[in-house]
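Chain by chain, the residues:
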Amino acid sequence: MSDSLTVLGLLYEGADPAAALISDGAIVAFAEEERFIREKHSLNVFPSRAITFCLEQAGLSLREVDVIAVGWDANRFDNGSMDDHYGEILKEFNCGSHV
């Protein structure tokens, strides 16, 4: 078993959606979605292209990521809709279901 920890960090609520991949405490890749879709600040866009870029830079699939950290405003998800968001993410990347 490896002691390595790979974290995919996401920001997709509001402006400047982005993804970052960190492995063993070092930044492996980072990208803002606007880089790929050419829309400045890309308001409320899910950073799927930024995620793909980060994973490709690391030579990993989403299944090989240990932790997905999502920056979000807790006040916007007090109605139980967070499960819907996780389900959409997993479906987009064909990773099965969540608990």
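Placed above this text is the structure.
Residues numbered from 1 in each chain as written. Predicted model: local features only at pLDDT ≥ 70, side-chain atom pairs only at ≥ 80, totals over all residues. Heavy atoms only, no water.

Peer 1: Tell me about the packing of aromatic side chains, and please be specific about residues and values.
Peer 2: All chains considered together, the criterion is met by one aromatic pair. A centroid spacing of 5.0 Å and a plane angle of 65° characterise the contact between Tyr 12 and Phe 46, whose relative ring orientation is edge-to-face. In this pair, Tyr 12 sits in the loop between β1 (6-11) and β2 (18-23) while Phe 46 sits in the loop between α1 (34-37) and α2 (48-58), placing the two residues 34 residues apart along the sequence. Judged by relative accessible area, Tyr 12 falls into the buried class, the value being 14%. Over the face of the ring belonging to Phe 53 we find Arg 35, whose NZ or CZ atom lies 4.7 Å from the ring centre. (Phe/Tyr/Trp six-rings, centres within 6.5 Å; stacked < 30°, edge-to-face > 60°. Helix = DSSP H or I, 4+ residues; strand = E, 2+ residues; numbered from the N terminus. Buried < 20%, exposed > 50% of the residue type's maximum accessible area, 1.4 Å probe, protein only. Lys NZ or Arg CZ within 6 Å of the ring centre and 35° of its normal.)

Peer 1: Quick one: what's the story with the pairing of strand β3 (residues 26-32), residue by residue and with numbers?
Peer 2: Where β2 lies against β3, six bridges are found, and the strand directions are antiparallel. If you follow Ala 18 over to β3, its bridge partner there is Glu 32. (Pairing = 2+ DSSP bridges.)

Peer 1: Describe the pattern of salt bridges, and please don't skip the residues or the numbers.
Peer 2: Under the defined criterion, the tally for this structure stands at two salt bridges. Glu 33 is paired through a salt bridge with Arg 49; the nearest N and O atoms lie 2.8 Å apart. Of this pair, Glu 33 sits in the loop between β3 and α1 while Arg 49 sits in helix α2; the two residues are 16 residues apart in sequence, bridging distant segments of the chain. Judged by its relative accessible area of 0%, Glu 33 falls in the buried class. Between Lys 40 and Glu 34 there is a salt bridge; the shortest N-O distance is 3.5 Å. Relative accessible area serves as the criterion here: at 17%, Glu 34 is assigned to the buried category. (Salt bridge = Lys/Arg side-chain N within 4 Å of Asp/Glu carboxyl O.)

That is the geometry; function is a separate question.
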